[in-house]
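# Fold and contact review
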Amino acid sequence: MSVIAVLAPDGVPGPHLTTPGMVFGAASRDHPGVEYEVRLCAAPGFRVVPSPDPVRVSPPWGPEGLAGADVVLITGHPDHHGEPSASLQSALRAAAGRGTRVAAVGTGVLTLAATGLLDGRRATTGWRHTAELAARHPRIQVDPLGTVVEDGSFLTAAGMFGGLDVCLHILRSDHGARMAGETARELITPLQRDADRVQDTIEREITDSAGLEPTLRWLETRLDRAVALPDIAAHARTSTSSLTRRFRTHTGHTPLQYLLHARISEAQRLLRETGIPVEQIAARTGFTSPAVLRRHFRALTGTTPRAYRQAHRGERAQGERE
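Residues numbered from 1 in each chain as written. Predicted model: local features only at pLDDT ≥ 70, side-chain atom pairs only at ≥ 80, totals over all residues. Heavy atoms only, no water.

### Some remarks on the overall build of the protein
What counts here: The helix count covers DSSP runs of H or I at least four residues long, the strand count covers runs of E at least two residues long, and both are numbered beginning at the N terminus. Exposure is judged per residue with a 1.4 Å probe applied to protein chains only, and the accessible area is read against the type maximum: over 50% gives exposed, under 20% gives buried, and values in between give partly exposed.
Within the protein one finds 14 helices and 8 strands. The buried share among the 322 residues of the protein stands at 45%.

Listed below in structure tokens is the structure:
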């Protein structure tokens, strides 16, 4: 049996508590031989609030529930600006030291980052907090896109839908993509009655993901233009939801994330190969201003356009001398 210890700081959003139980419970119920135990563990300072607004929960475990867990999952919480208690940091470091996988979603990533365990690693959080994560923990390589980032035994994500992506990622790592997909479909029921037909269509789209190539090429010719998700779906002749699913399968990104990466890649090429001012590069790659280009460039590459250009000029000059 695999043990998932959900570490709940004070003020945890309700979906962050319920989602792990739903995902791993569904997998255990529907697949013989698959067994998960989800432990709800209260972090130091957790309070049961009698008000009708928050979800009133009395976690049966404290930090001691992390011992023996296969995965520790840190939920989001509103008090992420403060420093976690010494006992909580010690418990998380001890879990990581035992080889336990440690996951964090949303603002829970800042709690994990405070332990130093993410230093030198890639990580992400919700888009509202990526700048804060980067400023407070400069040794972390912050991915601004919010999709699941796995680096060694650590998983981080934006925390949308209560960390559903992280839970499915763990399930996929443990038991394969097919089971994770079946569990996802169990939890997110198609509206169409003919579920078998819907599943066949999904599998056919995934198998035929190479059919996105014309749309990828089309996007790369329009990096300087405003392109919205419906525009991309219209070119691919599909719905926006199907388009997003196919893009994730084929590229690992949503359509707009892919477009952002393509724009930054073109900006890098122009910085390396030309002397065009950054202002013109921003216009050629679809950014509304040089400041917006700089912000996204730093977020995705860890440096500024100017520093990137100077570094590559130095490499080129060194190569010419040799």
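### What to know about the nonpolar core
The test is simple: Here the nonpolar core consists of buried residues drawn from Ala, Val, Leu, Ile, Met, Phe, Trp, Tyr and Cys, with membership extended through side-chain atoms lying within 4.5 Å. Two residues qualify as a contact provided that any one of their heavy atoms is within 4.5 Å of a heavy atom in the partner residue.
Grouped together as the largest cluster of nonpolar side chains are 27 residues, with contacts concentrated most on Leu7, Leu66, Val72, Ile74, Leu112 and Leu118. Elements with a minimum of two residues in this core: strand 1 (2-8), strand 3 (71-74), helix 2 (86-97), strand 4 (101-105) and helix 3 (108-113). The element contributing the most residues to this core is helix 2, with 5 residues. Ignoring any residue separated from it by four or fewer positions in sequence, one finds Leu118 in contact with Val109, Leu112, Ala113, Ala123, Ile140, Phe154 and Thr156. Membership of the second largest hydrophobic core comes to 25 residues, among which are Phe24, Val166, Cys167 and Met179.

### With respect to the sheet that holds strand 7 (residues 149-151)
Here is the rule: A pair of strands counts as paired when DSSP detects no fewer than two bridges linking them. To get an axis, a line is fitted to the C-alpha atoms, and for a helix only the part in contact is used. The angle between two axes follows their N-to-C directions and goes from 0 to 180 degrees.
Strand order in this open sheet of 6 strands is 2-1-3-4-8-7, and the pairing throughout is mixed. Looking at the sheet topology across the chains shown, the edges are occupied by strand 2 (36-42) and strand 7. Here the average twist between neighbouring strands, direction ignored, is 20°. Sheet topology places strand 7 next to strand 8 (residues 154-157); 3 bridges connect them, and they run antiparallel. Across the sheet, residue Val149 finds its bridge partner in strand 8, namely Thr156. Docked against the sheet, helix 1 (residues 14-30) engages strand 1, strand 2, strand 3 and strand 4, running at close to 165° with respect to strand 2. Lying on the sheet, helix 2 is in contact with strand 1, strand 3, strand 4 and strand 8; it crosses strand 3 at an angle near 145°.

### Details of helix 8 (residues 213-220)
To keep it simple, the criterion reads: The arc in question is the one spanned by the directions pointing from the helix axis to the C-beta atoms.
When helix 8 is considered as a whole, its buried residues turn out to be Thr215, Leu216, Trp218 and Leu219. All buried residues of helix 8 fall inside an arc of 160° around its axis, so they share one side.

### Structural notes on the side chain of Glu132
Along the polypeptide, Glu132 turns up in helix 4 (residues 130-136). Setting aside its immediate chain neighbours within four residues, Glu132 contacts His80, His81 and Leu110.

What is shown is where atoms sit, not what they do.
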